[in-house]
Amino acid sequence: MNLILYFFLAAALFLHITFSTFVISINLDGYQPEERAALLQLRDSMTSSLDLHSNWTGPPCIANFSRWAGIVCSNWHVIHIVLEGIQLSGPLPPAFLYNISLLTKLSFRNNSVSGPLPNLTNLVHLESVLLSYNRFTGSIPSEYIELPNLERLEFQQNYLEGQIPSFDQKTLTDFNVSYNYFQGSIPPTETLRRFPESSYGHNLDLCGFPLKPCPVPPPAPSPPPPSPMRPGKDKKKKLEIWIVVLIAALAALVPLVVLLLVLCCYKRVQRKETAKEPQAGGGPAGWTEKKLTHSQSTKDPERKVELEFFERKIAVFDLDDLLRASAEVLGKGKHGTTYKANLESGDVVAVKRVKNMNGLSKNEFIQQVQLLGKLKHENLVQIISFYHSKEEKLIIYEFVPTGNLFELLHGNRGVGRVPLNWAARLSIIKDIAKGLAFLHRSLPSHKVPHANLKSSNVLIHQDGQSYRSKLTDYGFLPLLPSRKLSESLAIGRSPEFSQRKKLTHKTDVYCFGIILLEVITGRIPGEVSPRDDEIVEDLSDWVRTVVNNDWSADILDVEILPAREGHDEMLKLTEMALQCTDVTPETRPKMSEILGRIEDIEQKN
Ligand SMILES: Nc1ncnc2c1ncn2[C@@H]1O[C@H](COP(=O)(O)OP(=O)(O)OP(=O)(O)O)[C@@H](O)[C@H]1O
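Residues numbered from 1 in each chain as written. Predicted model: local features only at pLDDT ≥ 70, side-chain atom pairs only at ≥ 80, totals over all residues. Heavy atoms only, no water.

1. Remarks on the packing of helix α9 (residues 422-442) against helix α14 (residues 567-580)
Argument step 1. α14 packs onto α9 with a crossing angle of 30 degrees between their chain directions and a minimal axis gap of 11 Å. Overall, the two elements α9 and α14 adopt an arrangement that is roughly parallel. Pair α9 / α14 crosses with left-handed handedness. Contact residues: W422, L426 and I429 in α9; E569, M570 and L573 in α14.
Argument step 2. By residue class, the composition of the contact of α9 with α14 is five nonpolar, no polar and one charged. (Axes fitted to C-alpha atoms, helices over the stretch in contact; angles between N-to-C directions. Helix = DSSP H or I, 4+ residues; strand = E, 2+ residues; numbered from the N terminus. Parallel < 35°, antiparallel > 145°, perpendicular 65-115°, else oblique. Left-handed = near helix turned anticlockwise from the far one by under 90°. Contact = heavy atoms within 4.5 Å. Nonpolar A, V, L, I, M, F, W, Y, C, P; charged D, E, K, R; others polar.)

Here it is, written out as structure tokens:
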């Protein structure tokens, strides 16, 4: 028995010695323990969908090779850290990169990394810093402008704030800080002036080239104090002082008098207006403006104050009731402004004050709106009434309270947001398909029955726990007199529109496909793909590229990926969305078929 024990001990000792010799003999001479320690800080303090704990073991680099996911090495040193779209979340460990001093590329694109941007002190070799589509907060650290080899800097879609530092690296060719909370003026450096508006758009309050000019600061106040007088010239100097005092007093008086005059005129105009329209109620600026136009329109002999009603569920009101309503602007679109109006009866309506329809005869307008007003469906925003005069065209809709799909999908992304789950997304998609299929059935001879289908025109209301959706802004194509105006509708982005080919019901199907992709991917159509180095401008192109390479879940909205529900169904819908967005309209399915397929998916769900 003792003999056997000795034998095992001897064997274990032999194996230990042999293994140690082997480890040493694969030559770890160039091994950089401080780089490994830095990466382990990242591995151990953040969570992700990759199992970094089992993958990031052993040395990160063996000469030019790394078996660590997302790590590229050169000559034993880590040169790339690329962890994209893996739901990396939590704040980065402070200053962990300091020892990875030969790093040239750092990418955490499309994750949920929160907290301040990483400290990049000492990283003079960095060429690409790609941190877009995350939850970074705070401002851009000053050391970023000192990275001498920086070529690409992407910060878009984060929660960054403060001012943009004066980047002036000549090497910088790609720069994007859009969709953040930056403010102040864009530093007028030669480098920053090279980038387009889209690099800066959608911030809190940025100004300066290429955006709107910054407000000019008010001129410096009083003139400099007079220099001390020399003795002997007293009399002359006293006279000079008097003249200066007189000029200063006059200079102070003139703006005061002008102000008084302006105030007087303003009060007089106000008195006149109140006398003209004594019944007008109070409300925010846009609505007041509307009332003024109405008071001018009283000169129009054709003006009809009684409104024609399509919807009898709410109490009948006339134009004056509408004008007395308190109102607030809901938003300004390309074809007018929409207000929420609280009527004295307690009813609430949405009033769209349309523009760009002046080339249209009164009959054409009335006929089209009457036709649309007769359409009644649970997934269409009901037109209640309308008003037409030479100066003013109003379309009155039922008010839908919970906002729109665009806001629901893309608003408040980040900490504290409740993700829109798969079941809610599927139900919204189905509602849109039902509304659109109904429009297509009801307006068979219309070229493109909806023509402006996009996520901001899908209004949302809550029905208990679930979200229901209704389409609005439909049926406007015949009301727009020129191709230029119709280009600003959602159909303007379809391939057939840009190729000046025939528009059909299938053009709406294209727009539906784009919404479908928006709901599945959680991405805004028309924006650059954050996933790959390859830049894809169009959502359907990007999804097609990803899907053609591999049927992976890469395209799915990171917000619903972890729930792991509905992935198969989403991929089925993706396949359908790609058919809907096919460049050839004839190969796209019809809305009736699409609705059937969605119902099938829903049942299997
Ligand atoms: N019936 C309604 N009930 C509640 N909110 C509405 C209603 N109609 C429109 N809105 C909201 O009013 C805002 C402005 O809408 P509007 O249709 O004027 O412009 P848009 O859809 O943003 O742009 P575009 O005119 O280019 O389609 C949007 O946020 C929309 O969600």
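What follows picks up the thread again.
2. Focus: the site of the ligand
Argument step 1. Close to the ligand lie 21 residues, the nearest being T338, K352, E398, N404 and N457.
Argument step 2. Measuring from an oxygen atom of the ligand, one finds a backbone N or O atom of K334 at 3.2 Å.
Argument step 3. One of the backbone nitrogen or oxygen atoms of V400 is found 3.0 Å away from a nitrogen atom of the ligand.
Argument step 4. For the ligand, the protein covers 90% of the area, taking 610 Å² as the surface of the free molecule.
Argument step 5. Those elements that provide at least two residues to the shell around the ligand are β14 (326-333), β15 (336-342), β16 (348-354) and β18 (393-398).
Argument step 6. Per-element accounting of the shell around the ligand gives the leading share, three residues, to β14.
Argument step 7. Grouping the constituent residues of the shell around the ligand by class yields seven nonpolar, nine polar and five charged.
Argument step 8. Composition of the shell around the ligand by domain shows at least three residues from each of domain 2 (294-398) and domain 3 (403-604). (Near = heavy atom within 4 Å. Polar contact = N/O pair within 3.5 Å; in protein donor to acceptor, adjacent residues only side chain to side chain. Areas by Shrake-Rupley, 256 points an atom, 1.4 Å probe, with all protein chains shown as cover. Domains from an automatic or database assignment.)

3. What about the UniProt feature "binding site: ATP" (unreviewed entry) in the protein?
Argument step 1. Look at the UniProt record and you will see "binding site: ATP" (unreviewed entry) annotated at K352.
Argument step 2. Here K352 shows up in strand β16.
Argument step 3. Residue classification places K352 among the buried residues on the basis of a relative accessible area of 6%.
Argument step 4. In this structure, K352 is in contact with H335, T337, T338, K393, L394, I395, Y397, D473 and F476, ignoring residues within four places of it in sequence. (UniProt positions renumbered as here; feature names shortened; annotations may be inferred. Buried < 20%, exposed > 50% of the residue type's maximum accessible area, 1.4 Å probe, protein only.)

4. Observations regarding the sheet that holds strand β12 (residues 205-207)
Argument step 1. One open sheet holds the six strands; their spatial order is β3-β5-β7-β9-β11-β12, and the pairing between them is parallel. Each edge of the open sheet is held by one strand with a lone partner, namely β3 (89-91) and β12. Neighbour-to-neighbour, the strand axes of this sheet turn through a mean angle of 25 degrees, independent of strand direction.
Argument step 2. Where strand β7 (residues 135-138) lies against strand β9 (residues 159-162), two bridges are found, and the strand directions are parallel. Considered in β9, the bridge of T137 is made with Y159. (Pairing = 2+ DSSP bridges.)

5. Here we look at the packing of aromatic side chains
Argument step 1. If you walk through the whole model with that rule in mind, you get seven aromatic pairs.
Argument step 2. Pairing W56 with W68 gives two aromatic rings, centres 5.1 Å apart and planes at 20 degrees, and the pair type is stacked. Taken together, the residues W56 in the loop between α3 (52-55) and β1 (71-74) and W68 in the loop between α3 and β1 connect sequence positions 12 residues apart. By the burial criterion, W56 is buried, and W68 matches it.
Argument step 3. Each member of the aromatic cluster is reached from another via a ring pair, and the members are F167, F175, F195 and Y200.
Argument step 4. Between R193 and the ring centre of F209, over which it is positioned, the NZ or CZ distance is 4.7 Å.
Argument step 5. Above the face of the Y133 ring, R523 is positioned so that its terminal group lies 5.7 Å from the ring centre. (Phe/Tyr/Trp six-rings, centres within 6.5 Å; stacked < 30°, edge-to-face > 60°. Lys NZ or Arg CZ within 6 Å of the ring centre and 35° of its normal.)

6. Comments concerning the pattern of salt bridges
Pairs can form between side chains of opposite charge whenever their charged atoms are close.
Argument step 1. Counting across every chain of the model gives 17 salt bridges.
Argument step 2. Taking the shortest distance from any N to any O, the salt bridge between E154 and R152 comes out at 3.4 Å.
Argument step 3. Look at E154 and you get buried, because its relative accessible area is 6%.
Argument step 4. Where E496 meets R588, a salt bridge forms, and the shortest distance between an N and an O atom there is 2.8 Å. On the criterion of sequence distance, the pair formed by E496 in helix α11 (residues 495-498) and R588 in the loop between α14 and α15 (591-604) is long-range, its members being 92 residues apart. R588 shares its class with E496; the two are buried.
Argument step 5. Several salt bridges share partner residues, and in doing so they unite E84, R109, R152, E154 and D174 into one network. (Salt bridge = Lys/Arg side-chain N within 4 Å of Asp/Glu carboxyl O.)

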